[in-house]
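This is what each chain is made of:
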Amino acid sequence: MSTEVHHFKVGAFECIAVSDGSLTYAPPTFPPPATLLFGNAPRERLEQTLRQHNIQPEHWAEWISPYICLLVNTGEHRVLVDTGADGLDPNTGRLLQNLEAEGIVPEDIDMVILTHCHPDHIGGNTLEEGKLAFPNARYAMWKDEWDFWTSEQAEEKLDEHVREVLLRVARKNLPPIQDRLDLIEREREIVPGVQAITAPGHTPGHMALAISSEGEQLLCISDAVLHPIHLEQPEWFAVVDLDPEQVVATRRRILNRAAAKKALVLAFHFPFPGLGYVIEKGEGWQWQPIVTMV
Ligand SMILES: [Zn+2]
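Please read these numbers as outputs of a predicted model, since none were measured by experiment. (Residues numbered from 1 in each chain as written. Predicted model: local features only at pLDDT ≥ 70, side-chain atom pairs only at ≥ 80, totals over all residues. Heavy atoms only, no water.)

Concerning the coordination of the zinc ion
Octahedral metals with six donors have ideal donor angles of 90 or 180 degrees. Tetrahedral metals with four donors have an ideal donor angle of 109.5 degrees. For the zinc ion, the full set of protein donor atoms is Asp-120 (OD), His-121 (NE2), Asp-223 (OD) and His-269 (NE2), at a range of 2.1 to 2.3 Å. Its 4 donor atoms give the zinc ion angles of 87 to 167 degrees at the centre, a pattern that matches the irregular case. Here the donor residues of the zinc ion share one chain and are spaced in sequence as D-H-x101-D-x45-H. On the criterion of sequence distance, the pair formed by Asp-120 in helix 4 (residues 119-122) and Asp-223 in the loop between strand 11 (216-222) and helix 8 (229-232) is long-range, its members being 103 residues apart. Take Asp-120: its relative accessible area is 6%, and that puts it in the buried class. According to the relative accessible area criterion, Asp-223 is buried, its value standing at 2%. (Donors = N, O, S within 2.8 Å, 3.2 Å for Na, K, Ca; no water. Tetrahedral: all angles 85-135°; square planar, octahedral: opposite > 155°, others 65-115°. Helix = DSSP H or I, 4+ residues; strand = E, 2+ residues; numbered from the N terminus. Buried < 20%, exposed > 50% of the residue type's maximum accessible area, 1.4 Å probe, protein only.)

Some details on the environment of Gln-233
Among the secondary structure elements, Gln-233 is positioned in the loop between helix 8 and helix 9 (244-261). The class for Gln-233 is buried, based on a relative accessible area of 8%. Between the C-alpha atoms of Gln-233 and Gln-286, which are 53 residues apart in sequence, the distance is 9.4 Å. Setting aside its immediate chain neighbours within four residues, Gln-233 contacts Arg-45, Thr-49 and Arg-251. (Contact = heavy atoms within 4.5 Å.)

Listed below in structure tokens is the structure:
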């Protein structure tokens, strides 16, 4: 199996999970993974949980996170969900070449949906010189997200360690899409079969998507959870989650929905292709990745 693209179907929709690459989160740029991902977890409980996931707590020095974008061909539209992190790191920015290897050129995309405005989700909106990477596309995002990143709120609320890079990427990649942007204010379809779902907390206007065709559904949950352990411990939030209380409420609602509907789920930062099912387990949930052939 390629580790760069994964084809699958949702009803009649042809979908491709496309890797944009990965980033290694480690000190000194980032806090150690356990702090980054589970900042408020009680230490003993955390160490026990990590061991259950075959992670040795004392040796967990780095977290290599995949960046996974999604292409959906609905027949009527070619929809790209998130644009990756072009230019953030030598190991990111592979979205365009991976699409091209599938015979898809940027001009083919007519709708780009941005789940939120962190650098790994909007970094491929523009090319190096500032031109739009997807010249024929309209763009869509939740209105609260646009308002946050284009106002002084972002500067005030962002952690000082990440503020500079987050604002730099937002200021490069958001203004060029302004005149071709649909701002979402309520849960509704963006194109037929692709519905916006409010999922705030990670950022103020973070959005999930329900992609439905012929009775099948894919829930694209983006960064509502960052690591499979967040399903078991939804109250353990990450340093990069802006509003922890809201994150926990959003996780419970989205994970409940995924489990109840037995929907296929795509999580942006999970091991590639980021696809699986959410199974109820005890007080929480458990991640069951799809079986992929190697
Ligand atoms: Zn992310």
